[in-house]
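Fold and contact review
What follows is each chain in one-letter form.
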Amino acid sequence: MDEREWLTERFEEHRLRLRAVAYRMLGSVSEADDAVQDAWLRLGRADTGGVENLGAWLTTVVARVCLNVLRSREQRREEPFETRVPDPIVGHENGGDPEHEALLADSVGLALLVVLETLSPAERLAFVLHDMFAVPFEEIAPMVERSPAAARQLASRARRRVRGQAPVPDPDLARQREVVDAFFAAARDGDFDALVTVLHPGVVLRSDGGVARARHTVVITGARTVAEQALTFGRLSPFARPALVNGAAGVVVAAHGRPLSVMAFTVTGGMILAVDVLSDPERLSRLDLAVLDD
């Protein structure tokens, strides 16, 4: 085996983990894949003879690439609090897709990714690498050009934000599905009171329609307000297909094989606490929606 083949094998051993790191950092499947590909290209050009831990080296490369993407994204952003629903990972409810499972290990729900979008690039890197992948602060510090103590503070600030804003979903997937089904049944029947019953009083509905559907980009809060909006979902009920969305009960709304939206639900305490909707046609076209093939 020559050196190129050896590097290829070693890289493939780490690919799923690297992709998971990049997805948490960027909230975008396509950008995560680009970051991993960038790491592979850099590996081919680097002198790795003195690298003792190739996995750690690759993680650092991917993290730095992602940090640059986040900083560039922050500079381009016109509105500091624009609504952006990260790319969902959609799969069958019976699971079975190892790549999806690797991306979603440790329950990375869309509600959590939405909160990560509000962090500074340095905070997000410190939190993701340390809290999700157990990378020591001594290794994180050089990436953000801070001391290990300052990197620890970055992660701590991010952690407080996450704990305060990212709800933890109920672990029982069957119970989640019951609540989501009740939501759509009430919407289909036009039953406002039943909708309010399944919605947490502090429920947040975030919808990202992208440029093509800008009028669908909204944030709505409160059970009664969200219920009023949800009544318009009733006509979509026949087109809603159950799916796992970031490891939780959700739906893909599709008509004639064309996806209209992906809806992720965060069910906590038997009530819906968050609804995240992606209806951007451009981004939907890039997602792996294998559930539509059933």
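The sections below set out a description of the structure shown in this document.

The rules behind each value
Residue positions are counted from 1 within each chain, in the order its sequence is given. Whole-chain, interface and lining totals are the exception, using all residues; otherwise, since this is a predicted model, local features are given only for residues with pLDDT of at least 70 and side-chain atom pairs are given and counted only at 80 or more. Hydrogens and water molecules were not included; the side-chain quantities draw on all heavy atoms of the structure. Strands are runs of DSSP state E lasting at least 2 residues, helices are runs of H or I lasting at least 4, and numbering of each runs from the N terminus. Within these notes, the globule rule equals 2.2 Å times the number of residues to the 0.38 power, and the radius of gyration is based on C-alpha atoms. Exposure is judged per residue with a 1.4 Å probe applied to protein chains only, and the accessible area is read against the type maximum: over 50% gives exposed, under 20% gives buried, and values in between give partly exposed. In this scheme, the bend at a residue equals the angle between the axes fitted to the seven residues that finish there and the seven that begin there. Only the six-membered ring of Trp is used, alongside the rings of Phe and Tyr, when aromatic pairs are assigned; centres must lie within 6.5 Å, and planes under 30 degrees apart are stacked while those over 60 apart are edge-to-face, with the rest tilted. We define a salt bridge as a contact between a side-chain nitrogen of Lys or Arg and a carboxyl oxygen of Asp or Glu at a distance within 4 Å. Strands were regarded as paired on the criterion that DSSP finds at least two bridges between them. In this description, contact between two residues means that some pair of their heavy atoms is separated by no more than 4.5 Å. The axes are straight lines fitted to the C-alpha atoms, using for helices just the contacting stretch, and the angles between their N-to-C directions are given from 0 to 180°.

Turning next to the overall build of the protein chain. For the protein chain, the helix and strand inventory stands at 12 helices and 7 strands. What you see for the protein chain is a C-alpha radius of gyration of 20 Å, in line with the 19 Å of a compact globule of 294 residues. Over its C-alpha atoms, taken along the principal directions, the protein chain stretches across nearly 65 × 40 × 35 Å. The burial tally for the protein chain puts 51% of its 294 residues in the buried class.

The sharpest bend along helix H1 (residues 3-26) comes to roughly 45 degrees, located at Arg15. Along H1, the positions that sit buried rather than exposed are Leu7, Arg10, Phe11, Leu18, Arg19, Ala20, Val21, Ala22, Tyr23, Arg24, Met25 and Leu26. Two residues or fewer past H1, Gly27 is found with a positive phi of approximately 65 degrees.

The next subject is unusual backbone geometry. Even without glycine at this site, Ala134 takes up a positive phi of about 55 degrees. Of the residues examined, Ala134 reaches a relative accessible area of 62% and is grouped as exposed.

Across all of its chains, the model carries 4 aromatic pairs by this definition. The interplanar angle of 85 degrees and the centroid separation of 5.3 Å between the aromatic rings of Phe183 and Phe184 together place this pair among those described as edge-to-face. Considered together, Phe183 and Phe184 belong to a single accessibility category, that of buried residues. Taking the centre distance of 5.9 Å and the plane angle of 70 degrees together, the rings of Phe184 and Phe265 count as edge-to-face. Placement of the pair is Phe184 in helix H9 (residues 173-189) and Phe265 in strand S6 (residues 258-268), with a sequence separation of 81 residues. Classification of Phe184 by relative accessible area gives buried; the value is 8%. Owing to a relative accessible area of 2%, Phe265 belongs among the buried residues under this scheme. Ring pairing ties together the aromatic residues Phe183, Phe184 and Phe265, which thus form one cluster.

Applying the stated rule across the entire model yields 18 salt bridges. One salt bridge in this structure joins Glu9 and Arg10, with 3.5 Å as the shortest N-O distance. Between Asp33 and Arg19 there is a salt bridge; the shortest N-O distance is 2.5 Å. With Asp33 in helix H2 (residues 29-45) and Arg19 in helix H1, this pair connects stretches of sequence that are 14 residues apart.

With 7 of 8 residues buried, strand S7 (residues 271-278) lies mostly within the body of the structure. The sheet contact formed by strand S2 (residues 199-208) and S7 spans 6 bridges and is parallel. Each bridged residue has a counterpart across the sheet, and for Asp208 the counterpart in S7 is Leu278. Note: S6 against S7, 7 bridges, orientation antiparallel. Bridge pairing in S7 links Met263 to Val277. Between S6 and S7, which pair antiparallel and follow one another directly, the connecting turn spans 2 residues, one of which, Gly269, has a positive phi of 60 degrees.

With respect to burial, strand S5 (residues 248-255) is a largely interior element, 8 of its 8 residues being buried. One ladder, built from 6 bridges, connects strand S4 (residues 240-245) with S5; its direction is antiparallel. Looking across to S5, one finds that Leu244 is bridged to Ala249. Linking two consecutive strands that pair antiparallel, namely S4 and S5, is a turn of 2 residues; a positive phi of about 50 degrees is found at Asn246 within it. Pairing of S5 with S6, which is carried by 6 bridges, proceeds in the antiparallel orientation.

Let's shift gears to the sheet that holds S7. The 7 strands lie next to each other as S1-S4-S5-S6-S7-S2-S3, forming an open sheet whose pairing is mixed. Among the strands making up the open sheet, the edge pair consists of strand S1 (90-91) and strand S3 (218-221). In the packing of H9 onto the sheet, the strands contacted are S2, S4, S5, S6 and S7, and the crossing angle to S5 comes to about 40 degrees. Sheet contacts for helix H11 (residues 223-230): S2 and S3; angle to S2, the most-contacted strand, approximately 50 degrees.

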